[in-house]
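# Secondary and tertiary structure notes
The residues making up each chain are set out below.
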Amino acid sequence: MSEQMKTAGEPLGQDVVSEDAESAVGEVAANQGVAAAGNAEAAAVGVDEAPEGEAADEPTEEELAAARELAENNALADVFDDVRKQSADSHLVTPERWPEIGLVPEHMTAEDFEMFVYEWLEDYQAEHKDEIEAERAAERAKAAAVRSATRAVGVPPKIPNRRLEQIEADNEAKAAEAADKAPEAVEDSAEAESAAGVDASTQVDNAVEAAESAAVAATPAVSEPAPASPDSAAEEEQPAEDDRSPFAGLRIPEGYRLEQIEGEWVLVEDENAAPVRKEIKCNRIKVLMGMHSYYLYDETLMTASYARWAFLAAEDNPVVTFVECVREDSRVYPRPYAAECLKNPPFRMTDEQIEETWQAVRDSGNYPDIERTEASNGDVYYYSTQYLESGYAASLAEYDAVERPADV
């Protein structure tokens, strides 16, 4: 609620004012100040100004609570919609983004809204744990059904010649049998067409007779037309715009209206429409906790590995990022990790930063399994001795850097 406006009763541009005039001016100024204060309070709580001579009705506590709850609900829906959009563009979302794009409700501070989103999401996903796990299981089952190959995809084994000969002999026998049956099929087809023609003509005649009888029965008796009322006449003169309008079947979303701007029809927000409650969709939103903030992403649009890498890059911990990337490639694929990969999103490291990080890894002594190898063309690779032997890692690096590009 804003503070009441105050108006001082100073002289209105005259050096000398009579006592009666001064009293009248002061009374008018005081009345104007009270009216202005009342209008400011009404605007602050979102109610219309009261008509002249009547007191403005302030919203009740229940109405204020309902308005705030709706604002919080819609803010949550907008936050998670934005998380999905950012995940599709390979970006994590932090709470610092929400004040910048105007998602914080007016009755909350940015810090309060940050904690509100985190706690609300934690409670929701705990309550809907079974539903979320069922969605994940259904997606895994669908993905497993798509993977139909049971061995490495390649050229199928060569078919033996005797098998090819048998296939050709079977095809020739089938062709000969079909040729023998062809004349009989033609005769049967001609007889069937003749019979069908007779039946069809009989059906047409019967249908014509039935239609004529129905038309005679449905013909109304001739009578004087009833006089049309002025309202019905006006309706007949109006063209059926709904039937011919290009927007006849268009369903306009709640809270929006069609408006013609510069000759084109566009959807714009309807200022006079009642607020619409948005649906909150957050089943697949995941949270990564950092040192000073948390990060959100949609697991259906961003893999857990990429989210982890983006998280480490955002936390500005290049050593841990470097070690985790090298170990994961050595364990999962297995293959050595190309230094060039650290130049790509989400890391975007320079050659100097990569070399500095490698030296920091070596100097720390905390990661003795991380090693370096170099291909014959100078490309640098890193690997973990926990999962790759040195000779094998060197041969894989040479293949990736020199032999594979030459074969393409």
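This text follows the structure it describes.
Source: prediction; values computed, not measured.

## A look at unusual backbone geometry
Geometrically, the link from Tyr 333 to Pro 334 is a cis peptide bond, its omega value of -20 degrees lying close to zero. Here Pro 334 is to be found in the loop between helix H10 (318-332) and strand S5 (337-338). If you check the backbone angles, Asp 316 has positive phi at about 60 degrees while not being a glycine. If you trace the backbone, Asp 316 turns up in the loop between helix H9 (304-314) and H10.

## Some points on the pairing of strand S4 (residues 294-298)
Summarising burial for S4: five of the five residues are buried, a large majority. Neither face of S4 is exposed, since Tyr 294, Leu 296 and Asp 298 on one face and Tyr 295 and Tyr 297 on the opposite face are all buried. Where strand S3 (residues 285-289) and S4 come together, five bridges link them in antiparallel fashion. Note on S4: the bridge partner recorded for Ile 285 is Asp 298.

## Details of the pairing of strand S2 (residues 264-269)
Summarising the sheet, strand S1 (residues 256-261) and S2 pair through six bridges and their orientation is antiparallel. If you follow Ile 261 over to S2, its bridge partner there is Glu 264. Counting the residues in the hairpin turn of S1 and S2 gives two residues, including Glu 262, whose phi is positive at 55 degrees.

Quick notes on the rules
The residue numbering used here restarts from 1 in each chain and proceeds along that chain's sequence as written. Residues qualify for local features only when their pLDDT is at least 70, as the model is predicted, and side-chain atom pairs are given and counted only at 80 or more; totals for whole chains, interfaces and linings, by contrast, use all residues. Note that water and hydrogens are dropped before the side-chain values are worked out from all heavy atoms of the structure. Helical segments are the DSSP runs of H or I of at least four residues, strand segments are the runs of E of at least two, and each set is numbered from the N terminus. Buried residues are those whose accessible area, probed at 1.4 Å on protein chains only, stays under 20% of the maximum for their type, while exposed residues exceed 50% and partly exposed ones sit between those limits. Strands qualify as paired when DSSP identifies two bridges or more between them.

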